[in-house]
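Structure at a glance
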Amino acid sequence: MAIVHVSDQNFAKETAEGLVLADFWAPWCGPCKMIAPVLEEIDGEMEEKVQIVKLDVDENQETAGKFGVMSIPTLLLFKDGEVVDQVIGFQPKEALVELIDKHA
């Protein structure tokens, strides 16, 4: 599966089933740009375990507000629609893989 760009309109549907890592980001955010290739790698290597979605917080403030996102990047890990974990700021690949494996 490829990384899916989501919006306020389809966020709930896209995170409702299975394990989903949601990246709350913005185009102007430096650490967000740094984490993007890490997420691409993880998507390529772990696509059978986790779906990755990206939500631009500038264009989708309703969803960002609902989950209390104050800093970006914020990564929320959903399992069947419920938030099971959260990390804020740039994370190395190993830390994200560990986070996913913990809930897979």
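No experiment lies behind these values; they were computed from the predicted model shown. For every chain, the first residue of the written sequence is number 1, and numbering continues from 1 onward in sequence order. Under the rules for a predicted model, residues below a pLDDT of 70 receive no local features and side-chain atom pairs below 80 are neither given nor counted, while totals for whole chains, interfaces and linings still include all residues. Side-chain measures here rest on the full set of heavy atoms in the structure, leaving out hydrogens and waters.

1. Observations concerning the state of the cysteines
Disulfide assignment relies on a single distance test, namely cysteine sulfur atoms paired within 2.5 Å. Using the criterion set out here, one finds one disulfide in the structure. The disulfide partner of cysteine 29 is cysteine 32, and the S-S distance across this bridge is 2.3 Å. Note on the cysteine 29 and cysteine 32 pair: the S-S dihedral is about 80°, so by sign convention the disulfide is right-handed. The same class applies to cysteine 29 as to cysteine 32, namely buried. Using a 1.4 Å probe on the protein chains alone, a residue whose accessible area is under 20% of its type maximum counts as buried, one over 50% counts as exposed, and one in between counts as partly exposed.

2. A word on helix 2 (residues 30-46)
An ideal rise of 1.5 Å per residue puts 24 Å on 17 residues; helix 2 measures up with 25 Å between its terminal C-alpha atoms. The bend at a residue is defined as the angle formed between two axes, one fitted to the seven residues ending at that residue and one fitted to the seven starting there. A run of DSSP states H or I qualifies as a helix once it reaches four residues; a run of E qualifies as a strand once it reaches two. Both are numbered from the N-terminal end. The sharpest bend along helix 2 comes to roughly 25°, located at alanine 36, with the proline proline 37 sitting one to four residues further on. Within the span of helix 2, buried status applies to Cys32, Ile35, Val38, Leu39, Ile42, Asp43 and Met46. Expected helix span is taken as 1.5 Å per residue step, with the number of steps being one fewer than the number of residues.

3. Thoughts on the UniProt feature "active site" (unreviewed entry) in the protein chain
UniProt positions are given in the numbering used here, feature names are shortened, and annotations may be inferred rather than shown by experiment. The UniProt record marks Cys29 and Cys32 with the feature "active site" (unreviewed entry), using the residue numbering of this structure. Note on cysteine 29: relative accessible area 3%, which makes it buried. If near-sequence neighbours (up to four positions away) are discounted, cysteine 29 is found in contact with Ile72 and Pro73. Relative to the assigned elements, cysteine 32 resides in helix 2. Judged by relative accessible area, which is 2%, cysteine 32 ranks as buried. Once you skip the residues sitting within four places of it in the chain, cysteine 32 turns out to touch Trp25, Ala26, Ile72 and Pro73. Only heavy atoms matter for contacts: two residues are in contact if any of them lie within 4.5 Å across the pair.

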